[in-house]
Amino acid sequence: MSDKRDYYELLGVQKSASKEEIKKAFHKLAHKYHPDKKEGDADKFKEVSEAYSILSDDKRRAEYDSYGRVFGGGGAGAGGFQGAAGGFDFSQFQDAFNQGGFDMGDIFSDFFGGQGTRSRRGRDISIDLEISFRDSVFGVKRKVLLAKTALCDSCKGTGAASGSEMVTCTQCNGAGKVHETSNSFFGTVTMVAPCRHCKGQGKVPKEKCHTCRGEGVYKKQDEIEIAVPAGIDGGEMIRLSGMGEAVSGGQSGDLYVKVHVAPDARFKKDGPNLLTELSVKLSDALLGASYKIETLDGPETISIPPGVTHGEMLQVKGKGGSAPRGKRGDLYVKIKIILPQKLSRSARALIEKLKEEGI
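Let me sum up the structure you'll find in this document. (Residues numbered from 1 in each chain as written. Predicted model: local features only at pLDDT ≥ 70, side-chain atom pairs only at ≥ 80, totals over all residues. Heavy atoms only, no water.)

**Considerations on the sheet that holds strand β8 (residues 237-240)**
Spatially, β1-β9-β8 is the arrangement adopted by the three strands of the open sheet, whose pairing is mixed. Each edge of the open sheet is held by one strand with a lone partner, namely β1 (125-131) and β8. Neighbour-to-neighbour, the strand axes of the sheet open up by a mean angle of 25°, direction not taken into account. The pairing of β1 with strand β9 (residues 255-261) spans seven bridges and is parallel. Bridge pairing links Ile131 to Val261 in β9. (Pairing = 2+ DSSP bridges. Helix = DSSP H or I, 4+ residues; strand = E, 2+ residues; numbered from the N terminus. Axes fitted to C-alpha atoms, helices over the stretch in contact; angles between N-to-C directions.)

Here it is as structure tokens:
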């Protein structure tokens, strides 16, 4: 690598980046460029790895920041990294990773698709679901049609045709795992990974399922029922475990449903309670009256007490939203007194008389 190459630019971070930011940037790029990946790039992988080994070490980074190169230990100024046969000290590289708080096992697990230390897992799926305001208060069950990778209905994920016997995998000789070797900047690396042919099972069907062609999974449309709980707010997520995409010989991913609540012109939430407004004539505010209002349970008649004031809240118990232990909150009605825009002669005369009486 040229001495003029900018390590910070290689990792896509600022010169002021913290160790944690540098580590995350390297993790992302190393995962992308590793030679064992389908679209990997060995040269790019070597470059970003070299950059990380310098910038994750405080002493080396200080030298690089001051002089634009490192004067020892295999950086750009020392002619780059050598392979294992060239005298490269792997323990030093491991130290560089550890100083940056990086787990080598973690990145190796990612390089081999999680096969080295983690069980296979399907991809998570996220969708959006819009519900009405009323449904957000009382809860609702909704069905959605989702196109995803699912277990094959014919073989139930085994990949075998009906009645077919299972035979020993010829790729791993029934071990269920294979040794995979790759060349990287720190030499030849051998990893033990589940056999891709039998997916770690050690056996394969003698005759493959005709529906999924032996994969055990295939693309299909699934109808999924989503139970939206009472009292949910817009923006909340519902997690349906195992309802994401399936993977043969492993665990299905999860389905995440982001709920959007359509606004209601009449009501607003206030915790377990609901708020609404009611316009009242001036005469009714002074003398009192009965008004019919809308609630989520249907029409309700409330009494307006004489002398009610503008902005005053009237409480209607048990007509609000969902509360803990299955109870209901209350509905609060905010009074808005309507003042007349024009007065008739007789009305004006009455108001003048009230004014004379100090009202």
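**Quick word on unusual backbone geometry**
Phi is positive for Lys156, which is not a glycine, with a value near 60°. Positive phi values are uncommon outside glycine, yet Arg213 reaches one of about 60°. In this fold, Arg213 is placed in the loop between β6 (203-205) and β7 (217-228). Look at Arg213 and you get exposed, because its relative accessible area is 69%. (Buried < 20%, exposed > 50% of the residue type's maximum accessible area, 1.4 Å probe, protein only.)

**As for the pattern of salt bridges**
Counting across every chain of the model gives 15 salt bridges. In this structure, Glu245 engages Lys219 in a salt bridge whose closest nitrogen and oxygen atoms are separated by 3.2 Å. Taken together, the residues Glu245 in the loop between β8 and β9 and Lys219 in strand β7 connect sequence positions 26 residues apart. The closest approach of N and O atoms between Lys269 and Asp233, which form a salt bridge, is 3.4 Å. Taken together, the residues span a long stretch of sequence, with Lys269 in strand β10 (residues 268-270) and Asp233 in the loop between β7 and β8 at a distance of 36 residues. Relative accessible area serves as the criterion here: at 38%, Asp233 is assigned to the partly exposed category. (Salt bridge = Lys/Arg side-chain N within 4 Å of Asp/Glu carboxyl O.)

Nothing here speaks to function; it is geometry throughout.
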